[in-house]
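# Working through the structure, step by step
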Amino acid sequence: MKSCGSMLGLWGQRLPAAWVLLLLPFLPLLLLAAPGPHRASYKPVIVVHGLFDSSYSFRHLLEYINETHPGTVVTVLDLFDGRESLRPLWEQVQGFREAVVPIMAKAPQGLHLICYSQGGLVCRALLSVMDDHNVDSFISLSSPQMGQYGDTDYLKWLFPTSMRSNLYRICYSPWGQEFSICNYWHDPHHDDLYLNASSFLALINGERDHPNATVWRKNFLRVGHLVLIGGPDDGVITPWQSSFFGFYDANETVLEMEEQLVYLRDSFGLKTLLARGAIVRCPMAGISHTAWHSNRTLYETCIEPWLS
């Protein structure tokens, strides 16, 4: 017969196992409560489409972001789709602003903008007019940031009887400025008309004096990074260097960003951004205009690194 002491010792040996059995039902809750490795959340992303586009065009881009940055909240703004994208750009800026404000309000840590083609100009204007924006990376995807001067299928469809050499007659009229394309039509042979008639590009570039110029420049400089993407095989943006703030002179020789007056005068902040290392240029050959947002290599090289 075992002694009382030996019985107590046996119970003491079995006690841990008994407690484990009692705790088994609560094990999942304990695991959830246990500290684990910290998983940082990614900043939200807003995507703005281009001329004649819609949110459907960006399905591949959404897939790429979800694969590489799972859990990222991505919003492709479904405004001014199709032919509505021909509406005057200031009207579009106001519409996109109303859509962007509540998204920004829910992202106190900041967010990223990916803006394609014409949408890149809309986004640049947004960054200029919004006093309290919190954009970390503004990714300008094949956007005519210094304007457009080229015959494209879009122009031939819209103005079938005009060529680039005489389109200024339409675009630099009050009637022409009612079309988004004319808002950034930049004829290097009629610079005086451009400066006087352009109701959009000349203003956001700070090429024409206006009372909001100082405030707009200050607002634009709030951006964390300006990522410029484009390439020589684009086929639409003309010159393609416009995606990097380069453009033609009067002889149709391309002057790079650092040679442009808007840079030399730092009229809206380009020179300041470059000085602080905030401008990233990512040129890539072999990509046509409609393939920028679906090319995986381009995404991994030029976009993904800036989606913090």
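Parameters and conventions
Residues numbered from 1 in each chain as written. Predicted model: local features only at pLDDT ≥ 70, side-chain atom pairs only at ≥ 80, totals over all residues. Heavy atoms only, no water. Pairing = 2+ DSSP bridges. Helix = DSSP H or I, 4+ residues; strand = E, 2+ residues; numbered from the N terminus. Axes fitted to C-alpha atoms, helices over the stretch in contact; angles between N-to-C directions. Contact = heavy atoms within 4.5 Å. Disulfide = S-S within 2.5 Å. Buried < 20%, exposed > 50% of the residue type's maximum accessible area, 1.4 Å probe, protein only. pLDDT = per-residue confidence, 0-100. Parallel < 35°, antiparallel > 145°, perpendicular 65-115°, else oblique. Left-handed = near helix turned anticlockwise from the far one by under 90°. Expected span 1.5 Å × (residues − 1). Arc of directions from axis to C-beta.

### Quick notes on the sheet that holds strand S3 (residues 111-116)
- Strand order in this open sheet of six strands is S2-S1-S3-S4-S5-S8, and the pairing throughout is parallel. With one partner strand each, in any of the chains shown, strand S2 (74-76) and strand S8 (279-283) form the two edges of the open sheet. Adjacent strand axes in the sheet meet at a mean angle of 15 degrees when their direction is disregarded.
- Each of strand S1 (45-48), S3 and strand S4 (135-141) touches helix H5 (residues 118-129); the most contacted strand, S3, lies at about 140 degrees to it.

### A few points about the state of the cysteines
- The final tally for this structure, using the stated rule, is three disulfides.
- Two residues, Cys 171 and Cys 182, share a disulfide whose sulfurs are 2.2 Å apart. Residues Cys 171 and Cys 182 are joined by a disulfide whose S-S torsion is about -60 degrees; by sign, that bridge is left-handed. Of the two residues, Cys 171 is situated in helix H7 (residues 168-171) and Cys 182 in helix H8 (residues 180-183); the sequence distance between them amounts to eleven residues. Note on accessibility: Cys 171 and Cys 182 belong to one class, buried.
- Across the disulfide from Cys 282 sits Cys 302; the S-S distance is 1.8 Å. With the S-S bond torsion at -60 degrees, the cross-link from Cys 282 to Cys 302 turns out left-handed. Taken together, the positions of Cys 282 in strand S8 and Cys 302 in helix H14 (residues 296-303) put the pair 20 residues apart, joining distant regions of the chain.
- Given a relative accessible area of 0%, Cys 302 falls into the buried group.

### Side note on the confidence of the model for the protein chain
- Residue-level pLDDT values for the protein chain average 88, and 83% of them are 70 or greater.
- Contacts from residues 1-15, a stretch scored under 50 in pLDDT, to residues over four places away or in other chains number two contacts.
- Confidence over residues 28-39 falls short of pLDDT 50; this stretch has one contact with residues more than four positions distant or in other chains.

### Some points on the packing of helix H4 (residues 89-105) against H5
- It is the contact of H4 with H5, at a shortest axis distance of 9 Å, that shows an interaxial angle of 65 degrees. In terms of axis orientation, H4 runs roughly perpendicular to H5. Considering only the axes of H4 and H5, their crossing is right-handed. Within the contact between the two elements, H4 uses Leu 89, Trp 90, Gln 92, Val 93, Phe 96, Arg 97 and Val 100 and H5 uses Gln 118, Val 122, Ala 125, Leu 126 and Val 129.

### Remarks on H5
- Relative to the 16 Å expected for twelve residues at 1.5 Å per residue, H5 spans 17 Å between its end C-alpha atoms, a close match to the ideal helical length.
- Of all twelve residues making up H5, twelve are buried, and the element is well covered by its neighbours.
- Within H5, burial applies to Gln 118, Gly 119, Gly 120, Leu 121, Val 122, Cys 123, Arg 124, Ala 125, Leu 126, Leu 127, Ser 128 and Val 129.

### Describing helix H3 (residues 59-68)
- Residues of H3 that are buried include every one of Leu 61, Tyr 64, Ile 65 and Thr 68, and no others. Projected onto a plane normal to the axis of H3, the buried residues spread over an arc of 95 degrees and lie on a single side.
- Those residues of H3 hidden inside the fold are in contact with S1, S2, S3 and H14.

### Side note on the pairing of S4
- Here S4 lies mainly inside the structure; seven of its seven residues are buried.
- Pairing of S3 with S4 involves six bridges; the strand directions are parallel. Bridge pairing links His 112 to Ser 137 in S4.
- As paired strands, S4 and strand S5 (residues 225-230) are joined by five bridges and run parallel to one another. Pairing of Ile 139 across the sheet is with Val 227, part of S5.

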